[in-house]
Each structure stands twice: as structure tokens, then as C-alpha cells.
Amino acid sequence: MAESLLTRVFKVCVCFTLILLCLERSGTDAANILMIGNFGKGSHFLSLVPVGRSLLKQGHNVTFLISEEYSFRAKDAKYSEIFKFEIFRNDPDYSVKAFFQKLEELGFSESGSLLQFYKLFSTFSQAIVKTCDSVLEDEAMMKRFETLDAIVADIAWPCSLAIKGYLRSHSRDDPRLILTAPTTVNNAPFDTLGSPYNPAYQPFTMTGFTSSMSFIQRVINTLSLFSMRVFVSLMGSEFQSVLDKHNLSSHMGGSDPMASWRNMTDLFLISCDFAMEFPFPLTPNIIPVGGLTAGPAKDLSKDLNDFMESSGEHGVVVFTLGSYFASYTSVRPDVLKTFLDALARIPQKVIIQLKDTPSIPLPPNVKAMPWLPQNDLLGHPKTRLFMYHGGNNGFHEALYHGVPVIVIPFFGDHVDIMVRVTSRGMGLGIDRAHLSVDYVYRQMNEVLTNQTYRDRAKQLSAIFKDRPMAPADRAAFWINHVIKHGGDYMRSPVNDFSFVQYHLLDVFSFLLGIVCLTMYLSYKFLRLFIRCCVYVLNSLIKVKQD
């Protein structure tokens, strides 16, 4: 009888709890949200996954748009069981994977120059045009998009603008547009959205400068801003062909690419945190959410955990060059040998990411894997050092877990990450131009044996984690906010000003005119006063003489 009564009480409690949950869920209008992570490639996709999970918890419906070349994402149980997927077909004459392969080869090229880098990205503009054209031509998929309430898209692929313009022209719905960037702070969107950017103390992307710049660095920093403006305009000009083909130009919120970005964007999520970022001001529509992929470590597999525990007091070094450069075993086997020879000298055990089986034997202390549970490895108490290429996600994961870092920058924002790591005392960098076994070993040995780096990493980690919300939850909160209220009220009025108005040239001219007029009138008054004094003095002298 007692059991029966307890069972009934338990059932009543469960029912009451379910009713409360339903009531709570009913207070949230489920929105249809499309997430676009740069074709589904690497960190651009992975950084959006935690945001998508947080949005699901709020009761929203989340769909990822990916290229058929990365359709394996839709077959991966950890994604397919919680997200929906839309897969677009590529232009048969163009391969996105081929572009990223060229990007990897350029990263390892000893003769790689800035000119080659920009030439490569001119081919990327072709990818933008061709892939976006493929999306817009899929009428059935675009029809399904008419129910969208919001688009959360990586800024690297501006097709989100075209999708929103298409929906404006074919339906009454006008979804909110939230842009993201998984890289370090990119100043070009700030400039576009009207957030203040001062090249005197805000280092531009890919310069490798700190907030304290010399005169020459400030000159380079200023010129970098103007060169990026030109680059964005050129990219926008090529993208214009897609808009013209689908008759979308009149629905893009402006006559030029900059105006489209400015008028169609409700929110911009930047992957940075001021625990490590150089301070600078932001407008309300730009939200820092650095550390989207960082979080408490999950349990490792038994085999991997046994390897970690077997390292003893020396611990483990985690070494990876990320999803973009992990194929260097075939591209640059000489580089791999240099690293392996240096790793063989340290007493720590090493877990290294290698996509391909190397042709040279691995040292006894090295374990190679095609994929690493990076965040979980960094959160293991045996991890002593994280040596990697300088990706932003890995940077925040190491920061979260308080692990010292050695950065081996290739290009892009990698050098910016290295500067932040070294300037904050969290680790060191390795210059690939001077790569040698002794050099790599010295850098590793310095970080592994000098407790200062580990202490500093722990201190910065404490600052980073002392936040009221996790980055993914913060991003989801603001996405939900603009879905309900829009982002117009947060937009900066700066873009409504002319160059003269923004820089107060008219005000300064007016004030300068007043100052000049005052000085002129004072001069005239003083001159008249002197003349009067002279006249009176002369009159007195003449009277006295008479």
C-alpha cells in the first residue's frame, strides 16, 4: 500500500514538472533558424554548433546549410540527431575542397607571398559566386527557406545576404540576419557597421601588431584598413553578378556592398574576449562571444586516457595544426621530421594530429591520431603544453583550461593569435622562416620548464571564465533577442553621416572661423584703440605746446 502511494505521489510530481516545462516552453515562440558555417568546413562550422545547441534548448528549430562536399556532417550522429541539414549541390566545374587544398599548400610554401595570398582569395571570390548561385537556383530549397525567422551566417560567405534579399523579393518574410566570424577581431565589419575603429591603437587583422604601435606601424595599420576596404569592394563587385542574375539588387538595402552589409545586418557576433583581446570600444550591435567551442572537458576514451595517465609527472604535449593543415605529412614531410626530432628530445609524452600515416617512424613518446578531441585533451590535468598553428577556437580552448601555448602561425589571423599569446605572457611563438630542431626544442623547453607561463595561463583562465553566461548561451540570448525585437535600435548612426560630419570637419571649421573672426575683431579693436590713444596723446601734447 505504501509503495502504491509513493508511486502515485511520484507520478503526480512528474506530471506537475512536465506541465511546468510545457508552460515554460509555451512562453517561447519557436523560431526557424538557418545557420551557415562557410560550406561546413572546419572551425567555421564547428564554432556555430554550440550556438545551435543553445538555441535548441530555447525551443528553436535549427537547420545547417552545407555544401555537398561536406555532406558527411549530416551523416554524423552527433549532429544529425539534433540538427536538420540543407545540402546544396556545387558547380561541377568548381571544388571548394580544391580551394582549401591550395590554401594548405600555400601555408607550407616557402615562397608564399602576400601577392599569392590575395591571388588565392581572388579564386575564393569565384567560389563565393558559384556556390551562392547554386543555392539560389535550388527553387525547392529556397521555398523551404520562406519560413525562416533568422539567418546566422559566417561572414566569410556573404551568400546569407543574397538569401535574405531573395526572401524579401519572394515572400512577405524578412528574416533577421546575424553575422559571425570565428577568427580574431576583423576590423572590416566594424568599419562597415559603424563601430568606431581607430588605427592609432586598434591593430588591424593579419598585421601582428599590439595596441602599442610605433609610428611606422601606425602608418601600416592605417594603410591596411584602406586596402581592406578596396578588397571588400572588389569582392562585392564580383558578388554583384549573382545579385543581378537573380534580380536581387533592389532588395539588398543599398546600392553598394557596404550599404547591403550595413542595412541588412541586425547583429554581429565576434569571437573574442577581453581577457586576452586588446581593449577597444564597440557599438551595441557587436557582441563578443569568444570561446564558443571551449568548455568543461568530457571523459576521454580508455585508450587515450591510459596514454595520458602513463605520462607521469612530466605530462603530455598536445600538437596539432588543425583541420586545414593536418595533411602536412604528405605536403611537407621535412617539416614533420623537424617537429618529430624536436619532440623526441622532451621527457613529456606527445599526442599529435596526423591525417595521413607518415613515412618516417614516430619517436617512442609520440602517439599519432587522425583526429583529436582537442578541448577534452586540453582539459586533462596531465596536459602541460598546447603547440598548434594559431586557430582562434584552439586559442580560447587553451585559455579556458589554463594551458600554456606555442603558436606556429601560417597566415591570416594566426600571427594575431601569436601576438596576443606572447604579449600576455601565456606562451611563445615559432617563426617558420627559421625552423630547426634546436629552435623548436628551445621554445618548447622554455615553456615547459618556466612556471611563469603556466601561472599566467591559469590567471588569464580565471578572468576568462568569470562571466555570467557561457559564450554559446550569450550568443543564443542575443540571437533570440533580435528575432523578437530586431536590431535597428542598436545600429550606429555613423553611417548616416558624411565624411565631413563624422570627423566633425564642419564643426571644427565653424569653431575655427569663430576664433579667426574673434581674433580679427580683436585686432581691429586693438588697432582702433591704439589710434585713439595716439590721437589723444598728440592732442594733449599740442595743447601743452600752445
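Structure shown above.
Here the structure is a predicted model, which is why all the values come from computation and not from measurement.

Some words on the nonpolar core
Counting 55 residues, the largest nonpolar core has Leu65, Val135, Phe145, Trp157 and Ile163 as the members making the most contacts within it. Excluding residues that lie within four positions of it along the chain, Trp157 makes contacts with Ile36, Asn38, Phe39, Leu65, Phe88, Ile128, Thr131, Cys132 and Val135.

Description of the packing of helix α3 (residues 49-57) against helix α22 (residues 471-485)
It is at 8 Å that the axes of α3 and α22 come closest, and there the two elements cross at 60°. One element, α3, and the other, α22, form an angle in the oblique class. Between α3 and α22 lies a crossing whose hand is right-handed. Together, Pro50, Val51, Ser54 and Leu55 of α3 and Ala472, Asp473, Ala475, Ala476 and Ile479 of α22 make up the contact between the two elements.

Let's talk about the packing of aromatic side chains
For the structure shown, the criterion picks out 15 aromatic pairs. Ring plane angle 25° and centroid distance 5.4 Å describe the contact between Phe88 and Trp157, whose orientation is recorded as stacked. Of the two residues, Phe88 sits in strand β3 (residues 84-88) while Trp157 sits in the loop between β4 (150-154) and α9 (159-170), which places them 69 residues apart along the sequence. Pair check on accessibility: Phe88 and Trp157 agree, each one buried. Taking the centre distance of 5.0 Å and the plane angle of 65° together, the rings of Phe319 and Phe339 count as edge-to-face. Within this pair, whereas Phe319 is found in strand β8 (residues 316-320), its partner Phe339 is found in helix α16 (residues 333-343), the two being separated by 20 residues in sequence. Here Phe319 and Phe339 have matching classes, each one buried. Following the ring pairs from residue to residue traces out a cluster consisting of Phe45, Phe64, Tyr79, Phe83 and Phe85. Sitting over the face of the ring of Phe307, Lys349 holds its NZ or CZ atom 5.1 Å from the ring centroid. Against the face of Phe307 rests Lys367, its NZ or CZ located 5.9 Å from the ring centre.

Things to note about unusual backbone geometry
In the Ramachandran plot, Phe39 falls in the positive-phi region, its phi being about 75° despite a non-glycine side chain. If you trace the backbone, Phe39 turns up in the loop between β1 (32-36) and α2 (42-46). Taking the relative accessible area as the measure of exposure, Phe39 reaches 0% and is therefore buried. Despite not being glycine, Leu504 has its phi angle at roughly 55°, a positive value. Relative to the helices and strands, Leu504 resides in the loop between α23 (499-502) and α24 (505-545). Judged by its relative accessible area of 39%, Leu504 falls in the partly exposed class.

Section: the pairing of strand β11 (residues 383-388)
For β11, a buried count of five out of six residues is recorded, marking the element as mostly surrounded by other parts of the structure. Pairing of β8 with β11 involves five bridges; the strand directions are parallel. In the strand pairing of β11, Val316 is matched with Thr383. One ladder, built from three bridges, connects β11 with strand β12 (residues 405-407); its direction is parallel. Looking at β12, one finds that Tyr388 is bridged to Val407. Crossover connection from β11 via helix α18 (residues 392-401) to parallel β12: handedness right-handed.

The rules we used
- Residues numbered from 1 in each chain as written.
- Predicted model: local features only at pLDDT ≥ 70, side-chain atom pairs only at ≥ 80, totals over all residues.
- Heavy atoms only, no water.
- Core = buried A, V, L, I, M, F, W, Y, C linked by side-chain atoms within 4.5 Å.
- Buried < 20%, exposed > 50% of the residue type's maximum accessible area, 1.4 Å probe, protein only.
- Contact = heavy atoms within 4.5 Å.
- Axes fitted to C-alpha atoms, helices over the stretch in contact; angles between N-to-C directions.
- Helix = DSSP H or I, 4+ residues; strand = E, 2+ residues; numbered from the N terminus.
- Parallel < 35°, antiparallel > 145°, perpendicular 65-115°, else oblique.
- Left-handed = near helix turned anticlockwise from the far one by under 90°.
- Phe/Tyr/Trp six-rings, centres within 6.5 Å; stacked < 30°, edge-to-face > 60°.
- Lys NZ or Arg CZ within 6 Å of the ring centre and 35° of its normal.
- Pairing = 2+ DSSP bridges.
- Right-handed = clockwise from strand over helix to strand, strands pointing away.

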